[in-house]
Amino acid sequence: MDCTDRLIPVLVQSCIQLIFWHYGVSYTKSYILNNCTKSKWFIQWCKKPDGMGGEMGVDRVIASMGHFIQAWVGGILLALAYYLSSPQLFIMGALTEFAVEILDVKDMVIQRYITNKGVWNAKRSPLIGFIFMLMHHSGAFLSILPACIY
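These figures come from a predicted structure and were not determined experimentally.

Peer 1: Describe the environment of Val 12, with residues and values.
Peer 2: Examined against the element boundaries, Val 12 turns out to sit in helix 1 (residues 3-35). For Val 12, a relative accessible area of 43% translates into the label partly exposed. Each C-alpha atom, one on Val 12 and one on Lys 47, is 41 Å from the other, the two residues being 35 residues apart in sequence.

Peer 1: Would you mind going over the packing of helix 5 (residues 127-137) against helix 6 (residues 139-149) in detail, with residue names and values included?
Peer 2: Helix-helix packing is described using two parameters, namely the angle between the two axes and the distance between the axes. For the pair helix 5 and helix 6, interaxial distance at closest approach is 6 Å and the crossing angle is 15°. The angle between helix 5 and helix 6 places the two elements in the roughly parallel class. Counted together, Met 135, His 136 and His 137 of helix 5 and Gly 139, Ala 140 and Phe 141 of helix 6 form the full contact between these two elements. Split into classes, the residues belonging to the contact of helix 5 with helix 6 amount to 3 nonpolar, 3 polar and no charged.

Peer 1: Residue-level account of helix 3 (residues 57-84), with values.
Peer 2: Along its 28 residues, helix 3 runs 41 Å from first to last C-alpha, staying within 8% of the 40 Å computed at 1.5 Å per residue. Taken residue by residue, helix 3 has Gly 57, Arg 60, Val 61, Ile 62, Ser 64, Met 65, Gly 66, Gln 70, Gly 74, Leu 77 and Ala 81 as its buried positions. Ser 85 lies just past helix 3 and shows a positive phi near 55°.

Each value, and the rule that gives it
Residues numbered from 1 in each chain as written. Predicted model: local features only at pLDDT ≥ 70, side-chain atom pairs only at ≥ 80, totals over all residues. Heavy atoms only, no water. Helix = DSSP H or I, 4+ residues; strand = E, 2+ residues; numbered from the N terminus. Buried < 20%, exposed > 50% of the residue type's maximum accessible area, 1.4 Å probe, protein only. Axes fitted to C-alpha atoms, helices over the stretch in contact; angles between N-to-C directions. Parallel < 35°, antiparallel > 145°, perpendicular 65-115°, else oblique. Contact = heavy atoms within 4.5 Å. Nonpolar A, V, L, I, M, F, W, Y, C, P; charged D, E, K, R; others polar. Expected span 1.5 Å × (residues − 1).

Set out below in structure tokens:
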């Protein structure tokens, strides 16, 4: 089986992962927003410095929670892929990261250029930070997807 035979199945899996993680991250954010914002741990986390001279804030903490869930699921799938020598589990684990990276780029562009609200608006995030995160997320297309296809 050469790379062109694996292209369509991997693209279909990536679309399924995009849909799944869109709803998974959305549910996680809404759950945290509705049930955890008054907890002491959440309030303390929001007050921590963000590394850019400000505080983390509620929206930045909530935005990171969906990524934590994905990191656990993707890590477990990748560990199982290694342990069981399963290429399919590797593809599933890697595509979890691909999907969340793509969803994050979508959120970054919408927040920065369309709504001007949220973590990535021009007032909260400097342009250089925005560019670095776009470069970081470019790995979804430049390394994760080709690795899954190959």
